[in-house]
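Below, each chain spelled out in residue letters.
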Amino acid sequence: MGQPDKEPIVQLSHVSLAYQHGHAQSATILEDVTLSIQRGEKFMIIGPSGCGKTTLIKAIGGFLKARQGEVTVNGVPVKKPGPDRAFVFQDFEQLFAWRTVLDNIVYALQVTKHLPRRQAIDKASFYLELVDVAAAADKYPHMLSGGMKQRAALARALALEPDILLMDEPFGALDAITRNQLQLELNTIWRRTGVTIVLVTHSIQEAVFLGHHVLVLSSSPARVLEIVDTSQAEDLDSPAFTAHSLHLQSLLVRQDKDLIREQVVPLSIVQ
Amino acid sequence: MSVPLFRTAEKRTFTFPGWLRYILIGAIFLIAWQLYVSLSGVSQLLIASPLATLQALIADFANGQLPSAILVSLQNLAIGMGIGIVTGLILASLSTFSRFGRDLLTVLTAVFSPLPGIAILPLTMLWFGLSSSAIIFVVVFGSVWPISANTDTGFRTIGTTTRMVALNLGLTRLQTVRDIFLPAALPHILSGLRLAWAFGWRTVVGAEIVFGVAGSNGGLGWYINNARYFLNPPAIFAGLVVISLLGVLLDTLFQFIEQQTIVKWGMKQAQ
Ligand SMILES: Nc1ncnc2c1ncn2[C@@H]1O[C@H](COP(=O)(O)OP(=O)(O)OP(=O)(O)O)[C@@H](O)[C@H]1O
Ligand SMILES: [Mg+2]
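Computed from a predicted model, the values in this text were never measured in an experiment.

**A short note on the interface of chain B and chain A**
1) Next: At the junction of the two partners, chain B supplies 18 residues and chain A supplies 24 residues.
2) Next: When residues of chain B are sorted by the area they lose upon contact with chain A, Met164(B), Asn168(B) and Leu169(B) head the list and together hold 35% of the total.
3) Next: If you look at where chain B meets chain A, you find zero salt bridges.
4) Next: Across the contact surface, chain B and chain A share eight residue pairs in polar contact (both at pLDDT 80 or more).
5) Next: Those elements that provide at least two residues to the side of chain B that touches chain A are helix 7 (160-168) and helix 8 (173-184) of chain B.
6) Next: A total of six residues in the side of chain B that touches chain A trace back to one element, the largest contributor, which is helix 7 of chain B.

Below is the structure:
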């Protein structure tokens, strides 16, 4: 199994985040977050509902300025969003409704990489093949199922060949079976491309299964509770998997009542 | 009884196709009209029969009077709408990107949109004389507000995810407006256009009638007024028929555009 390089690609040092509305500033959402993400690893973010997971990943994406501290990607302070950090969102509205699935990707390639159309089509087709939606290439997004839309969005993000793939609960709105399928495929894609993945999730199982590291946030204002190394726990039946799951669960128990209820089901059954 | 929220597949016994039903209704109306004129002995100077109207239509198409009147009217409408659309889109874009633009649009719309376009015709006649420019200005004036206000609403209601995708791709402002905002707001823009052209078409004809009084050569309004001047009811009726039919034709064109865009993209349900 591939191991990430020991070279940080994302670094946050003492970062505090808040939303700015005109001149008013919201209460602090995240406080004093320090972490580093290695190039090529799969970094999971988990925490109670509403604690600030989306806010954190938005800051890495450059959509939100840090109130204090600094976010750097490749050693450079993040100032604004860019295609080097491709975002995959939870909701199904991220594809452009007025373009076919293929054209969604072709357009993204034309504006970011200035590829000629012919070349962009080839590349787009390759990534659609990779995420297994090539059959829907000429359809408009509204004709696709939720799972296919997320695959297409993933294909668009991958086609940008970003340094980092930022995913905010990308499979959150999918049924369990589709979700598991996409988790497996994401792993395959990661093995083939070696892209760094930062993924927000509500599911402990997903975090342990996919992640090399799992960041656990506390309830608001969110702080880093622990960053758990789960790189050895990829086999769902391994004792390490169970141990990590239980550990994460116990960390979150005090934080989020909903999460406990969701996870009472023995984890082995989920798969 | 429950009212279905969405169109469902209906089981139907045989019915006539839509166009046939409409033609039937039209035919019944024409026959009633013809019978009334033939049997009631109403003065032919007040009402022309369908047959007389048809004869006038054929004659004035053949001698070129109607075609040139149609051309003039459509040209006035097209130029006025064209300028109105461009100005409206620019105003709406300014309004989304600057505070001043928003204030400007709010004030202008509030002050000018309640004014019936035809009410400023005397003013434009003073400025431009009895020329097409005077009519075109009125059409521009009338179409700008519905277009800019609707477009503005459309821009404002674009979802956060769509905006974030645009930011993520690192689009320029021009690309954002042209490639994202315009298509995303198209349902709103098209309903603005629908209002605008319906208004514009009525205004063009109305203004031409006013011009007709002054004896200037012109479009369909002028044609009708001229026919009145020469006590020629069949030609008046022929003019009305043409105006109405052109309206239906423009509406069909509009539905076609909707069909090819927002319906195809799943942004609006088919009718
Ligand atoms: N645009 C905004 N302006 C002000 N406050 C916001 C904004 N977006 C989110 N918040 C607040 O920030 C806090 C964290 O929100 P965030 O969306 O980051 O949580 P989350 O962990 O992603 O939640 P969830 O698990 O439900 O997705 C919440 O209290 C929320 O009310
Ligand atoms: Mg969230």
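We are not done yet, so read on.
**What about unusual backbone geometry?**
Residues and elements named next belong to chain A.
1) Next: In the Ramachandran plot, Asn 74 falls in the positive-phi region, its phi being about 55 degrees despite a non-glycine side chain.
2) Next: Positive phi, close to 45 degrees, is recorded for Glu 161, a residue that is not glycine.
3) Next: Topologically, Glu 161 is positioned in the loop between helix 4 (146-159) and strand 9 (164-168).

**Let's talk about the UniProt feature "domain: ABC transporter" (unreviewed entry) in chain A**
1) Next: Residues annotated in UniProt with the feature "domain: ABC transporter" (unreviewed entry) correspond here to residues 10-244 of chain A.
2) Next: Structurally, residues 10-244 of chain A is divided into 34% helix and 25% strand, and its ends, taken at the C-alpha atoms, are 24 Å apart.

**Points about the domain arrangement of chain A**
Residues and elements named next belong to chain A.
1) Next: Entries for chain A in the domain assignment read domain 1 (1-75 + 183-271) and domain 2 (85-161).
2) Next: On a C-alpha basis, the centroid separation for the pair domain 1 and domain 2 is 26 Å.
3) Next: With eleven residues of domain 1 at the contact, the number on the domain 2 side is nine residues.
4) Next: Here domain 1 and domain 2 share an interface that buries about 830 Å² over both sides, 73% of which is from carbon and sulfur atoms.
5) Next: Among the residues of domain 1 in contact with domain 2, Glu 185, Ile 189 and Arg 192 are the three that bury the most area, contributing 48% of the side total.
6) Next: Counting across the domain 1 and domain 2 interface gives one salt bridge.
7) Next: Glu 185 is the partner of Arg 151 in a salt bridge, and the nearest nitrogen-oxygen pair spans 2.7 Å.
8) Next: For the interface between domain 1 and domain 2, the tally reads three residue pairs in polar contact (both at pLDDT 80 or more).
9) Next: Of all the secondary-structure elements, those providing two or more residues to the side of domain 1 that touches domain 2 are helix 1 (53-61) and helix 5 (176-193).

**Digging into the sheet that holds strand 10 (residues 196-200) of chain A**
Residues and elements named next belong to chain A.
1) Next: Read across the sheet, six strands follow the order 8-9-10-5-11-12 without closing on themselves; strand pairing throughout is mixed. Of all strands in the sheet, those with a lone pairing partner are strand 8 (85-88) and strand 12 (224-229), marking the two edges. Each neighbouring strand pair of the sheet contributes to a mean axis angle of 15 degrees, computed without reference to strand direction.
2) Next: By the bridge criterion, five bridges tie strand 11 (residues 213-217) to strand 12 in an arrangement that is antiparallel. Residue pairing across strands places Val 214 opposite Val 228, the latter belonging to strand 12.
3) Next: Here helix 4 sits on the sheet in contact with strand 8 and strand 9, set at roughly 175 degrees to strand 8.
4) Next: Lying over the sheet, helix 5 contacts strand 5 (42-46), strand 9 and strand 10, oriented at roughly 155 degrees with respect to strand 10.

**With respect to the pattern of salt bridges**
Between side chains of opposite charge, a pair can form when the charged atoms approach closely.
1) Next: Inspection of every chain in the model, using the stated rule, returns twelve salt bridges over all chains.
2) Next: Where Lys123(A) meets Glu161(A), a salt bridge forms, and the shortest distance between an N and an O atom there is 3.1 Å. On the criterion of sequence distance, the pair formed by Lys123(A) in helix 3 (residues 117-130) and Glu161(A) in the loop between helix 4 and strand 9 is long-range, its members being 38 residues apart.
3) Next: For Lys123(A), a relative accessible area of 23% corresponds to the partly exposed category.
4) Next: Since its relative accessible area comes to 39%, Glu161(A) is described here as partly exposed.
5) Next: Arg179(A) is paired through a salt bridge with Glu206(A); the nearest N and O atoms lie 3.2 Å apart. Within this pair, whereas Arg179(A) is found in helix 5, its partner Glu206(A) is found in helix 6 (residues 204-210), the two being separated by 27 residues in sequence.
6) Next: Linked through salt bridges whose partners overlap, the residues forming this network are Arg194(B), Asp251(B), Glu258(B) and Lys268(B).

**Observations concerning the site of ligand 1**
Residues and elements named next belong to chain A.
1) Next: Taken together, Tyr 19, His 21, Ile 29, Ser 49, Gly 50, Cys 51, Gly 52, Lys 53, Thr 54, Thr 55, Glu 169 and His 202 form the complete shell of residues around ligand 1.
2) Next: In this structure, an oxygen atom belonging to ligand 1 sits 3.2 Å away from a main-chain N or O atom of Cys 51.
3) Next: In the environment of ligand 1, an oxygen atom lies 2.6 Å from a nitrogen or oxygen atom belonging to the side chain of Thr 54.
4) Next: Contact with the protein chains removes 62% of the 640 Å² of surface that ligand 1 exposes when unbound.
5) Next: Element by element, the count of residues in the shell around ligand 1 is highest for helix 1, at three residues.

The rules behind the values
Residues numbered from 1 in each chain as written. Chains lettered and ligands numbered in written order. Predicted model: local features only at pLDDT ≥ 70, side-chain atom pairs only at ≥ 80, totals over all residues. Heavy atoms only, no water. Contact = heavy atoms within 4.5 Å. Buried area = accessible area lost by both parts, 1.4 Å probe. Salt bridge = Lys/Arg side-chain N within 4 Å of Asp/Glu carboxyl O. Polar contact = N/O pair within 3.5 Å; in protein donor to acceptor, adjacent residues only side chain to side chain. Helix = DSSP H or I, 4+ residues; strand = E, 2+ residues; numbered from the N terminus. UniProt positions renumbered as here; feature names shortened; annotations may be inferred. Domains from an automatic or database assignment. Pairing = 2+ DSSP bridges. Axes fitted to C-alpha atoms, helices over the stretch in contact; angles between N-to-C directions. Buried < 20%, exposed > 50% of the residue type's maximum accessible area, 1.4 Å probe, protein only. Near = heavy atom within 4 Å. Areas by Shrake-Rupley, 256 points an atom, 1.4 Å probe, with all protein chains shown as cover.

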